[in-house]
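# Commentary on secondary and tertiary structure
Below, each chain spelled out in residue letters.
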Amino acid sequence: MKKNTNLTIVIVTYLTNKEILFDCLKSVDKKFKVIIVENSNKFKDKKFFLKKFNNIEIICTGLNLGYGKGNNFGLEKVQTDYALILNPDIVCKRGFFNKITKVINKKKSFSIIGCQYSNKTLYLPAGFFDKKKHHIFEKNFFKRNKKGLTKVDWVTGCSMLVNLNKLKNKSIFDKNYFLYFEEFDLCKSIINKGGSIYSSNDLKVYHLGFKGSFGASNKLKSKANKLRDWHWMWSYFYFYKKNYNYIYALYKVSGKFFKSLLKIIFYTLSCNKLSRDKYLFRFLGLLFSIIGKKSSYRGQQFY
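Summarised in this report is the structure supplied together with it. (Residues numbered from 1 in each chain as written. Predicted model: local features only at pLDDT ≥ 70, side-chain atom pairs only at ≥ 80, totals over all residues. Heavy atoms only, no water.)

### With respect to the state of the cysteines
How we decide: Cysteine sulfur atoms that come within 2.5 Å of each other are treated as a disulfide pair. Remark: exposure states derive from per-residue accessible area (1.4 Å probe, protein chains only) relative to the maximum for the residue type, with buried under 20%, exposed over 50%, and partly exposed in between.
Overall, the coordinates contain zero disulfides when judged by the stated rule. There is no disulfide at Cys92, and the cysteine sulfur nearest it, in Cys24, is 6.2 Å away. Sulfur of Cys115: no disulfide; nearest cysteine sulfur belongs to Cys92 and is 7.0 Å away. On the basis of relative accessibility, which here comes to 1%, the residue Cys115 falls in the buried class.

Right, dumping it as C-alpha cells:
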C-alpha cells in the first residue's frame, strides 16, 4: 500500500490496554505510517498489531522515558516534514485525515496545530498564557462554532500536528520533564521565538483521558495515581521556574504546598491512606522540584 510521504503519526505507549490502542489505530488512515514507541523493553501484543495493521512500526525504548522523551525518541525516526503526535487513548473522527491533509497544504507557516475534542471534557484543548486573553478565550470557546484555525499560545499534547521544518531539531520536548507540562513548555518556547500555534476546529478527536498507559492491569492503578500526582507537582513548579523565575514559581505553588502538607496531617490522623498518599506524593513531587532535584520518581516508595 502506498504511504503518504508528508505525514507520520507518532504514538507513545506504556503497558497500554490492547483494546484502547486498537481503537486508536483503527481510526488512523492506513495511507499514513505510524510509529509506536513502547516505553518499556517489550511490546506484549506486537504480533497481533503487526498482523492487523501493515502501516505500523513498533519500537521499544527499553525503559520508561515518559511522554516528552518518548515522543522525542519517535520523532527522531520520522522522515517526513510533518508529524502527528497522538496519545493512544485518542480516536480520530471520520474524515480527520482528509482534513489534516488540506490543513497542511493550506497553512504552511505553522509550527504546531492542536486538535479539538468531539466529546465533552472539562479541559480546554488550547488557550493563552496571558490570564486576560485566556479568560476571554475560555468564556467564548464553547459558544462559538468557528471553522478553521484559531491562533493561540498553547495546545494540549494528546493530539497535535507538528511542522518539523519550523523547529530546530526533532527532539522538541525538554528532556527534564517526565509527565505533564511538556507541551506547554514547548509552546511557550515556540511563542517566545516568534513561531505560530493554532487550534483547529476542523480536526476533531475523541479523548478517553488518562487511559494511555498503565491500562494493562487494574493492579497498576495505585502506582499510576502516585506517579501522576508526583509529576504533576514537580512539572508545575519546574515550568514556572524555567519560563518565568524561581520567586514567581514559589508564589504560584505556595498554596498547593501548604494545602498538601495540611491534607497529609489530616488524612494521616483520620487513617485514610488513599487520600493521604494522594497529597503525600503531590507534596514530595513539589518539594523535589523546589530544591532542584530531577523528576526521578518512577514508582519507588518514599516511606
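Once you've had a look at it, read on.
### Overview of the nonpolar core
Stated precisely, the cut-off is as follows: For our purposes a nonpolar core is just a set of buried Ala, Val, Leu, Ile, Met, Phe, Trp, Tyr and Cys residues, chained together by side-chain atoms within 4.5 Å. A run of DSSP states H or I qualifies as a helix once it reaches four residues; a run of E qualifies as a strand once it reaches two. Both are numbered from the N-terminal end. In this description, contact between two residues means that some pair of their heavy atoms is separated by no more than 4.5 Å.
Membership of the largest hydrophobic core comes to 57 residues, with the highest contact counts inside it found for Leu75, Ile85, Ile112, Val155, Met160, Val162 and Ile172. Element by element, the count of residues in this core is highest for helix H7 (residues 221–243), at nine residues. With near-sequence residues (within four places) excluded, Val155 lies in contact with Ile112, Gly114, Pro125, Ala126, Met160, Glu183, Cys187, Ile197, Tyr198 and Ser199. Within the second largest apolar cluster, 34 residues are counted, among which are Phe32, Val34, Ile90 and Tyr198.

### As for the pattern of salt bridges
Where side chains of opposite charge bring their charged atoms close, a pairing between them can arise. Note the cut-off: Salt bridges are defined by distance alone: a side-chain nitrogen of Lys or Arg within 4 Å of a carboxyl oxygen of Asp or Glu.
Scanning the model with the defined rule gives nine salt bridges in all. A salt bridge links Lys26 to Asp23, with the nearest nitrogen and oxygen atoms 3.9 Å apart. Of the two residues, Lys26 and Asp23 both sit in helix H1 (residues 18–26), three residues apart, roughly one turn of that helix. By relative accessible area, which is 35% here, Asp23 ends up partly exposed. The residue Lys226 makes a salt bridge to Asp277 at a minimum N-O spacing of 3.8 Å. You can see Lys226 sitting in helix H7 and its partner Asp277 sitting in helix H9 (residues 273–290), a full 51 residues away along the chain.

### Considering helix H5 (residues 131–141)
For clarity, the cut-off: Directions drawn from the helix axis to the C-beta atoms are what define this arc. Any pair of nitrogen or oxygen atoms within 3.5 Å is treated as a polar contact; in protein, a donor-acceptor pairing is required on top of that, and neighbouring residues in sequence qualify only through side-chain atoms on both sides.
Along H5, the residues that are buried comprise His134, Phe137 and Phe141. Looking down the long axis of H5, one finds its buried residues gathered within 65° of arc, a one-sided arrangement. Facing away from the buried side of H5 by more than 90 degrees, the exposed set consists of Lys131, Lys132, His135, Ile136 and Lys139. If you check the start of H5, you find a side-chain oxygen 3.2 Å away from the backbone N of Lys132, and it comes from Asp130.

In short, the description is geometric, and any link to function would need to be established separately.
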